[in-house]
Amino acid sequence: MSAQKDCEFLVKRARELVSDDPCAAKAWLITARTLYPADFNIQYEMYIIERNAERTSSAGRLLYDMFINFPDQPIVWREISVITAALRSDSQDKHAQFLRGLFETLPGRVQCEMLLKATEQCFNTLEKAEMLLLLLKRFPESVVQHGVNLGETLLEAEASENVETPVNCFRKLFVCDVLPLVINNMDMRLPASLMQKYMLKAAEFYIGYVTRGPSPDVQIQGSQDGGSLKSPSVSRGSQRYVIDGLSEKSSVVAEPWERLLDILAVVGARCEWQGDKGQRYYVDMLQRVKELCRYLPGLEGDTRSRCCSQIVICAALVLFRSAFLYVSAVQPALFQGVNALSLGPWILVEDLSSVYNDVEVERGPVKHAHKKRKLADGREKTMGQYRKALSSLHQMAAVQQPQTGQQSPSGQASLEHHRALIQQASCHYALGEYRMACEKLLDVVGGLVPPNQEPTKTPEDQGRVKTKTRKGNDLRLLPCTSKAVLPFCLQLMLACFKLRAFTDSRDDLSLGHVVVLLQHDWPQGEMLFLKAVDKICQQGSFQYENFFNYVTNIDMLEEFAYLRTPEGGRIQLELLPNQGMLIKHHTVTRGITKGVKEDFRLAMERQVSRCGENLFSVLHRFCINEKIIIIQSLP
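In what follows, the accompanying structure is described. The structure presented is a predicted model; accordingly, all values stated were derived computationally and were not measured.

Right, let's get into unusual backbone geometry. Each neighbour pair has its own omega, and for W522 with P523 the value is 10 degrees, a cis peptide bond. By the secondary structure assignment, P523 is in the loop between helix 22 (508-517) and helix 23 (526-539). Phi at E255 takes a positive value of approximately 50 degrees, unusual for a residue other than glycine. Following the sequence through the fold, E255 ends up in the loop between helix 12 (248-251) and helix 13 (256-270). Accessibility expressed as a relative area gives 31% for E255, which makes it partly exposed.

What follows is the structure, given as C-alpha cells:
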C-alpha cells in the first residue's frame, strides 16, 4: 500500500467514526498526522472536525498550522475567505461569531499577514478595499504603509466607473472609513494640498448625502418629532436608503454635518489654520472666518495662502449647511430623509440676541460728516424697503385673516396670520414705530398658548449670545409655534422699550416693563437689569405698581429688597397698588408709612413663594392683562 493510499485510508476511517465516536476519529487523525506530518488532507480533516464542533482554540491552532505549512492550498484560502467575510459582516448569528472568535485566537502577526494575503487574493476593487480596511482598523501601524494608497485606489475606481454622484460606494468607504484613519495618524506626513483635496472630497460626499432627492421607489418613514432648526440633525426620519454596492446598513451615515466638522477640525490643525481648537460648532467657525477677514490684508506669503484656504473652505461649508437647513425647513419634500410632516409655517426674522447688550454699545463711535451722510442715505434706502415690505404684509394679513368661529387658534390660517403679524411688527420696529410694533406683537401673543417650560438651548444658541456686537444683521428661521414665537415676541417688545427706558428723562413705566421682560432668557439680561437698578438708584425712587403681579425672578426680588435697606440706599420703591396715594398722606398719620413697609415685606415674602411658577405663563398673562398700558406707554 502506497503512502498516498495509507493517508486516504486513515482519513476515510476517521470520517466514518466522527459521528459515532469523535474521540476515536480524533485518535486516528493524530496517528495519521504523526506518520505523515506533511500531508495536507490529514491536517485539513482535523481542522474540519474541530471547526464543525465549534471548538475555537483547537480549530484556530490547526488553521494556523495550515496557513504556515500549506500557504498555497486553494482550500485554505477558501476557508480564510469565509472567515474574513464574517469579520467584515455585521451578522450576529452563532456561526459568524464562532468564526470571528477563531480568528482572534491567531497571533497578531499571523492575523496581519493573513489579511494582507487575503487582500491580494481579491480581484473586485470594493471587496479588496473592504479587506484592506479591515487590516488598517485592526493594525493601525499599517495605515502608514497602506492608508493613502487605499484612498487613492478608491478615488481612481470612482473615476473609472464614471459614477454620476459623489454619494457612491467608493467615496463612502473613502470618506467615512479610510480618511479618518489617515488624517488622525500623526506618523504620516501629508502635504497640505493633499489634505485639502481630501477635505473637499469629504464635503462633496456629506453634502451630497444630506441633499439627495427623494426617489419614488425608496420608502421614507418620517419621524413625527419636530427638530429644532439649529440642530444639524434637523428632522432626520428613519429611512431605507441603499448606496449601490453597499448593504442597507452600510449605506446609513449618522450625523453627517458633525462628521464633516470633525474632519475639518483635524485637517485645519494639520494645515496650521488659525483658530481655537475647541471650536466645535458652525456658528463658531463663521465667527472665526469674520475675524480672519479683518486680519487678511496684513498677511503675506504662506501665512496668507493658508488663511485664504481656511476662509474659502470654512465659509463654503457654513453656506451649504445654512442653505440646507433653510430649504429643508421651508420645503422638506425636496430632500430624502427630511421629515415631511412640517411644523407648519416658518418665519424668517432678525436675530435679537443682541437686545441684551448695553445701550451705549449700540450708539457706536462718532462719525465724520461725509460718513454720516453716506450712512443716512443707506438708511433711507433701507427704510424704503421696509415700507414696501410693510405694505405687502398688510395686504397678505387682510387676505389671511382667520374668520371667527371657522378655525381653531392652532389652525393653518391662524398660523399664517401670526406669521404676517410678526413680520409686520419687525418692519415697524426697524422703522422706529415701536407702538405699532407692540400692537402687532400683543395681537400675536393673544392667540398663543404659553408652553409648559422654557426651551432648552443648543450649544450654538448659547454661543450666539456671547459673541460681541458686530455690524450687519443675522437672520433666524423660526417655526410658527408658541414655543418659538413667544420668546421672539418678548425679545422684540424688550427691544421696543429698551431705548425709551434708558433715556436721560425718567420713565418708570417703561423701565418697569423692561424689568418684567428681562426675566425671559435669564441670566442673559442680567447686565441690562443691573443698569436698570443703577438708574433707579440715581433717581432715588421708582414706581411700578405691577411689580408684584409679574416679577417672580428670585435674583430680581433680592435686588429690590436690598434697595430698601440702609446699605442699598433706602430707595423709595412704590411697587404696591395705591402705595403712592398712601405715602402722600404720611403727614396725617405717621403709622401709615410703617404699615407700607410691613406690606412691602409681606408682599416680598409672598412673591418668593411664586418663584417656581411657569415664567412663560406669567409673561403671557402680563401681555394679555396689561395690553392697553403697554401700548399707551409708547409714543
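Anyway, onward from the coordinates.
A word on the packing of aromatic side chains. Across all of its chains, the model carries 15 aromatic pairs by this definition. Ring plane angle 20 degrees and centroid distance 6.4 Å describe the contact between F542 and Y544, whose orientation is recorded as stacked. Judged by its relative accessible area of 1%, F542 is buried. A ring pair is formed by F548 and F600, whose centres lie 5.9 Å apart and whose planes are at 70 degrees; its orientation type is edge-to-face. Taken together, the positions of F548 in helix 24 (residues 547-550) and F600 in helix 27 (residues 591-608) put the pair 52 residues apart, joining distant regions of the chain. F548 sits in the buried class, given a relative accessible area of 10%. Relative accessible area serves as the criterion here: at 6%, F600 is assigned to the buried category.

The next point concerns helix 9 (residues 143-160). Its 18 residues give helix 9 an end-to-end C-alpha distance of 24 Å, which sits within 8% of 26 Å, the value for a rise of 1.5 Å per residue. Considering only its buried residues, helix 9 is in contact with helix 7 (108-121), helix 8 (125-138), helix 10 (169-183) and helix 11 (192-210). In the segment just after helix 9, N162 is the residue with positive phi, at about 55 degrees.

Reading the values: the criteria
Counting of residues starts from 1 at the beginning of each chain's written sequence and follows it residue by residue. Side-chain atom pairs in this predicted model are given and counted only at pLDDT of 80 or more, local residue features only at pLDDT of at least 70, and totals for whole chains, interfaces and linings cover all residues. Side-chain calculation: all heavy atoms of the structure are included, whereas hydrogens and water are not. For the purposes of this entry, the term helix denotes a DSSP run of H or I that reaches at least four residues, the term strand denotes a run of E that reaches at least two, and both are numbered from the N terminus. Whether a residue is buried, partly exposed or exposed follows from its accessible area with a 1.4 Å probe, protein chains only, as a fraction of its type maximum: under 20%, in between, or over 50%, in that order. Between 30 and 60 degrees the pair is tilted, below 30 it is stacked and above 60 it is edge-to-face, where a pair is any two Phe, Tyr or Trp rings, Trp via its six-membered ring, whose centres lie within 6.5 Å. To estimate how far a helix should extend, the number of its residues minus one is multiplied by 1.5 Å. Only heavy atoms enter the contact rule, under which two residues are in contact if any of them lie within 4.5 Å.

Without other data, these values stay purely geometric and don't point to any function.
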